[in-house]
Amino acid sequence: MVTDDRSGVATPANSSVSSGLRVRVDQAACTGDGLCVTRAPSVFEHDIDGLAYVKTDSGELLTQPGARVVVPLPLLDAVIDAADECPGDCIYVERPDGTLEAGPGS
């Protein structure tokens, strides 16, 4: 018998399950506007230079050029919105194979 409630089918058991996508910020293009920090503060943060960087799930700010973090599934929409709306066009959301999901050139 089929029930009408299928919520368990599409809902991950662990809300921190990865989407498989990774995100990075190109600081050379970053304007420091802060839209990304506002949209997904647990993924993006400004450093003392006023530019945005990505953070690990434990909150460690990654300041190395090209640093990437995995996008947590619950934050996927916010991170993609940040990439699409970024005034500096400096946020890249990439699939595991390296192709762009969102950001400049996607």
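Residues numbered from 1 in each chain as written. Predicted model: local features only at pLDDT ≥ 70, side-chain atom pairs only at ≥ 80, totals over all residues. Heavy atoms only, no water.

## Remarks on the overall build of the chain
Line of reasoning, step 1. Tallying secondary structure elements over the chain gives three helices and seven strands in all.
Line of reasoning, step 2. When the 106 residues of the chain are sorted by exposure, 33% land in the buried category.
Line of reasoning, step 3. For the chain, the proportion of contacts with a sequence separation of at least 24, taken over those separated by at least 6, is 54%. (Helix = DSSP H or I, 4+ residues; strand = E, 2+ residues; numbered from the N terminus. Buried < 20%, exposed > 50% of the residue type's maximum accessible area, 1.4 Å probe, protein only. Contact = heavy atoms within 4.5 Å.)

## Details of the pattern of salt bridges
Line of reasoning, step 1. In this structure the tally under the stated criterion is five salt bridges.
Line of reasoning, step 2. Note that Glu94 and Arg68 form a salt bridge whose closest N and O atoms lie 2.6 Å from each other. Of this pair, Glu94 sits in strand 6 (residues 91-94) while Arg68 is found in strand 5 (residues 68-72), placing the two residues 26 residues apart along the sequence.
Line of reasoning, step 3. We classify Glu94 as buried; its relative accessible area is 5%.
Line of reasoning, step 4. Classification of Arg68 as partly exposed rests on a relative accessible area of 35%.
Line of reasoning, step 5. Within this structure, Arg22, Arg24, Arg68 and Glu94 form a network of salt bridges that share partners. (Salt bridge = Lys/Arg side-chain N within 4 Å of Asp/Glu carboxyl O.)

## A look at the state of the cysteines
Line of reasoning, step 1. On inspection of all chains with the given rule, the structure shows zero disulfides.
Line of reasoning, step 2. Take Cys86: it sits in no disulfide, and the sulfur closest to it among the cysteines is that of Cys90, at 3.6 Å.
Line of reasoning, step 3. Overall, the relative accessible area of 11% leaves Cys86 in the buried class. (Disulfide = S-S within 2.5 Å.)

## Here's the deal with the packing of aromatic side chains
Line of reasoning, step 1. Tallied over the entire structure, the rule returns zero aromatic pairs.
Line of reasoning, step 2. If you follow Arg24 out to its NZ or CZ, it ends over the ring of Tyr92, 4.1 Å from the centre. (Phe/Tyr/Trp six-rings, centres within 6.5 Å; stacked < 30°, edge-to-face > 60°. Lys NZ or Arg CZ within 6 Å of the ring centre and 35° of its normal.)

## Digging into a negative patch on the surface
Line of reasoning, step 1. A cluster of acidic side chains, namely Asp77, Asp81, Asp84 and Glu85, defines a negative patch on the protein surface.
Line of reasoning, step 2. Topologically, Asp81 is positioned in helix 3 (residues 76-85).
Line of reasoning, step 3. The class for Asp81 is partly exposed, based on a relative accessible area of 38%. (Patch = residues over 30% accessible without salt bridge, like charges linked within 9 Å, V, L, I, M, F, W, Y side chains within 5 Å. Areas by Shrake-Rupley, 256 points an atom, 1.4 Å probe, with all protein chains shown as cover. Lys, Arg positive; Asp, Glu negative; His and termini not counted. Charge placed at Lys NZ, Arg CZ, Asp CG, Glu CD.)

## A short note on the environment of Thr38
Line of reasoning, step 1. Following the sequence through the fold, Thr38 ends up in helix 2 (residues 35-39).
Line of reasoning, step 2. When its relative accessible area of 66% is taken as the criterion, Thr38 is described as exposed.
Line of reasoning, step 3. C-alpha of Thr38 to C-alpha of Ala78: the two residues are 40 residues apart in sequence and 9.5 Å apart in space.

## Observations concerning unusual backbone geometry
Line of reasoning, step 1. For Asp89, which is not a glycine, the phi torsion comes out positive at approximately 45 degrees.
Line of reasoning, step 2. Secondary-structure assignment places Asp89 in the loop between helix 3 and strand 6.

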